[in-house]
Amino acid sequence: MRAPMPNFPRHPHSLVQLLREAQELQGWLPRTLLASLAHELGLTLGQVEGVASFYRFLHLRPVGRWRVLFSDNITDRLLGSQALMADLCARLRVRPGEMRADGRVSVAPTSCTGLCDQGPALLINQHHVVTRLDAQRVARIAEYIESDTPVAQWPAAWFRIDDNIQRADVLLGTAVAPGEALAAALARGPAAMLDEMKRSNLRGRGGAGFATGTKWELCRNAPGQAHVVVCNADEGEPGTFKDRVLLTRHADLVFEGMTIAAAVVGASQGLVYLRGEYRYLLEPLRELLQRRRDAKLLGPAIQGREGFDFDIDIHVGAGAYVCGEESALIESLEGKRGTPRIRPPFPVEHGYLGRPTTVNNVETFCAAAHIAVQGGAWWAGIGTPKSTGTKIHSVSGDCERPGLYEYPFGTRIGRILEDCGAQDTQAVQVGGPSGVCISAFEFGRRIAFEDVPTAGAFMVFDRSRDMFEVARNFAHFFAHESCGFCTPCRVGTALVVKRMDKLAAGHGSRHDVDVLYELDKLMHGATHCGLGASACNPLRDTIAKFRPAYERHLKSLYFEPAFDLDAELSVARQVTGRDDPASHLETAT
Ligand SMILES: Cc1cc2nc3c(=O)[nH]c(=O)nc-3n(C[C@H](O)[C@H](O)[C@H](O)COP(=O)(O)O)c2cc1C
Ligand code: SF4
């Protein structure tokens, strides 16, 4: 079986994209297709299956002609997504996660789809997003699926995705003509543009906050010829959707920022890693790239500069949060499982195909383009000395006006709550599940790397919400997204879920809460990448700040023995179905 897959060369490095394209044509990935692909690429069937089985959006079994995925972020739940999914399953006579016997349909939950400001949302066959679900919409979706009505004939309004820009500052509110920022950067020259970046003190917007000028300098100075610029558009952190809007409204600026980075570091190849949930953006983005080529803003001799050749290609992710971690992302770009690499060496020296690579967030590239136009000193004059410029926040949850809010760094959390119409707020989860949970007495704190850092999510919870359930949703998210490579995270996240579910069922005691503390300590220093290291952040914060939410779930107060490693490992074996002893867990204890 050989499927026509026109967009990518038949090379092992394209494996994830070839699998994705084959599945778009066939609906799933039969073994015969995998075998034929393995043969063509000179790989073993085991290698191809190993990659295909890693990604949630690649299916080794049929999933039905209609594949419905409900976004399962906590903000979708607040809006009633669980009841809506149960309703759709009942109407279609299908159990969640299973395909109906006639092979027509399957319905399942998925991680956040990046539409928290207009949820509850779902994906149909991954290409089509339905926003603002309600009971009426769900009933009609069931009818359309039963009658096999093509999606093109469904009401267009269902697929409307709003940008919801509620507060614009310099990034969202200043128009830059295509080519303007690039011309400014090229007029300065690469070295002077790098100086501007360092003067701006811009720090990466993907979460870690590494200085962008320093990263570009390290990449520029790294030995090797074929440097690479990668745009991290994986945006998998639940509650974050700013990159979706930037790629919808300001994609020219994102590509321009990438091209400026290419001029500085000396790259000829650019890659965008677009999360699978944003598949619907692929065609418009490819068309824009073509327009930029036609305008000599990409391709050979950009803006007439002989020797400055740079082009951008887009790879689409396949449903793995860990692929947002830059080294896992590079593995995925190379057609492999998204397992984070051991570092050093860092991507700036040894990245995509071993070449020096700078990986930056979508918002970082936008900021770089503005810095090219206005200069580094202008950017450094906004925000605080340690956190320069503005930050875009994806605001969702219990507030009147969810959407994007851009503020200079240093803005009070309380100010954002006032602006978005939040009332009676109990807590804000800043930076998503891997970020920090802020309680009401901290609303005077400021968004800044030196106070409350963030990659962009701002989820609001009012006093009617159970913060234990919020933390439990996040615990399930991390257990689901753990890539399984290292034991502390694979086993630890599963143990956390087990304890949280036990508490939720009313069978837990204080001992379980203590064990959650212990697990946090064990996992924090022992995991291979940031996913495992931050997996317990929401637990730690909510136990410390919202202890009564946990106490309400306790069975009774009775004595239990202290942390018993053997018992924990036995639970771990049951949960993970693995026999290997949790060696890291043992060592750490
Ligand atoms: C589990 C995990 C997921 C991540 N997801 C993203 C993401 O979706 N987008 C992003 O830009 N950075 C993400 N990061 C951070 C990247 O590893 C990297 O620091 C970032 O892309 C660098 O860009 P910046 O310097 O512009 O911030 C993630 C990190 C971890 C550990
Ligand atoms: S910490 Fe978790 S996600 Fe990261 S490598 Fe280990 S198992 Fe994978």
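Refer to the structure presented above.
This text gives an overview of the structure that appears in the document.

What to know about the overall build of the protein chain
Phase 1: Per the secondary structure count, the protein chain includes 25 helices and 14 strands.
Phase 2: Relative to the compact-globule value of 25 Å for 589 residues, the protein chain shows a C-alpha radius of gyration of 24 Å, a close match.
Phase 3: With the C-alpha coordinates of the protein chain rotated into their principal frame, the extents come out at 75 × 60 × 50 Å.
Phase 4: Expressed as a percentage of the 589 residues in the protein chain, the buried residues total 59%.
Phase 5: By sequence separation, contacts in the protein chain at least 24 residues apart represent 71% of the contacts at least 6 residues apart.
Phase 6: Only carbon and sulfur atoms are counted for the fraction: they give 51% of the accessible area of the protein chain, which is about 22200 Å².
Phase 7: Distance between charge centroids for the protein chain: 1 Å, based on 65 positive and 68 negative side chains.

Describing the site of ligand 1
Phase 1: Near ligand 1 lie 18 residues; those nearest to it are Gly-206, Lys-215, Asn-232, Asn-361 and Thr-364.
Phase 2: In this structure, Asn-232 approaches ligand 1 through a side-chain N or O atom, which is 2.9 Å from an oxygen atom.
Phase 3: At 3.5 Å, a backbone N or O of Gly-236 approaches an oxygen atom of ligand 1.
Phase 4: Secondary-structure elements contributing two or more residues to the shell around ligand 1 are β9 (357-361) and α21 (530-534).
Phase 5: Tallying contributions element by element places β9 first for the shell around ligand 1, with three residues.
Phase 6: Partitioned by chemical class, the residues of the shell around ligand 1 number three nonpolar, nine polar and six charged.

Some remarks on the environment of Leu-531
Phase 1: Structurally, Leu-531 is set in helix α21.
Phase 2: Residue Leu-531 is classed as buried on the basis of its relative accessible area of 7%.
Phase 3: Here the alpha-carbon distance between Leu-531 and Leu-516, two residues 15 residues apart in the chain, equals 17 Å.
Phase 4: What Leu-531 contacts, discounting residues up to four positions off in sequence, is Tyr-321, Val-322, Phe-478, Glu-481, Ser-482 and Cys-489.

A look at unusual backbone geometry
Phase 1: In this model, Arg-343 is joined to Pro-344 through a cis peptide bond whose omega is -5°.
Phase 2: Locating Pro-344 in the fold gives a position in the loop between α14 (326-333) and β9.
Phase 3: The omega torsion across Pro-344 and Pro-345 is 5°, close enough to zero to call that bond cis.
Phase 4: By secondary structure assignment, the location of Pro-345 is in the loop between α14 and β9.
Phase 5: Not every positive phi belongs to a glycine, and Gln-126 is a case in point at roughly 65°.
Phase 6: Examined against the element boundaries, Gln-126 turns out to sit in the loop between β3 (122-124) and β4 (128-130).

With respect to the sheet that holds strand β2 (residues 105-110)
Phase 1: Ordered in space as β2-β1-β3-β4, the four strands form an open sheet in which the pairing is mixed. If you trace the sheet from one side to the other, it starts and ends with β2 and β4, each paired once. Going across the sheet, the axis of each strand differs from the next one's by a mean of 25°, ignoring polarity.
Phase 2: In the sheet, β3 pairs with β4 via three bridges, with the strands oriented antiparallel. Counted as the bridge partner of Leu-122 is Val-130 from β4.
Phase 3: Across the sheet, helix α5 (residues 81-92) is in contact with β1 (66-71) and β2; its angle to β2 comes to roughly 170°.

Details of the side chain of Lys-215
Phase 1: Here Lys-215 lies in helix α10 (residues 212-221).
Phase 2: Residue Lys-215 is classed as buried on the basis of its relative accessible area, which comes to 14%.
Phase 3: At 2.8 Å, the side chain of Lys-215 and the backbone oxygen of Val-359 are in polar contact.
Phase 4: If we skip the residues at most four places from it in the chain, Lys-215 touches Phe-210, Glu-326, Val-348, Thr-358, Val-359 and Asn-360.

Rules of the game
Residues numbered from 1 in each chain as written. Chains lettered and ligands numbered in written order. Predicted model: local features only at pLDDT ≥ 70, side-chain atom pairs only at ≥ 80, totals over all residues. Heavy atoms only, no water. Helix = DSSP H or I, 4+ residues; strand = E, 2+ residues; numbered from the N terminus. Rg over C-alpha atoms; globule rule 2.2 N^0.38 Å. Buried < 20%, exposed > 50% of the residue type's maximum accessible area, 1.4 Å probe, protein only. Contact = heavy atoms within 4.5 Å. Areas by Shrake-Rupley, 256 points an atom, 1.4 Å probe, with all protein chains shown as cover. Lys, Arg positive; Asp, Glu negative; His and termini not counted. Charge placed at Lys NZ, Arg CZ, Asp CG, Glu CD. Near = heavy atom within 4 Å. Polar contact = N/O pair within 3.5 Å; in protein donor to acceptor, adjacent residues only side chain to side chain. Nonpolar A, V, L, I, M, F, W, Y, C, P; charged D, E, K, R; others polar. Pairing = 2+ DSSP bridges. Axes fitted to C-alpha atoms, helices over the stretch in contact; angles between N-to-C directions.

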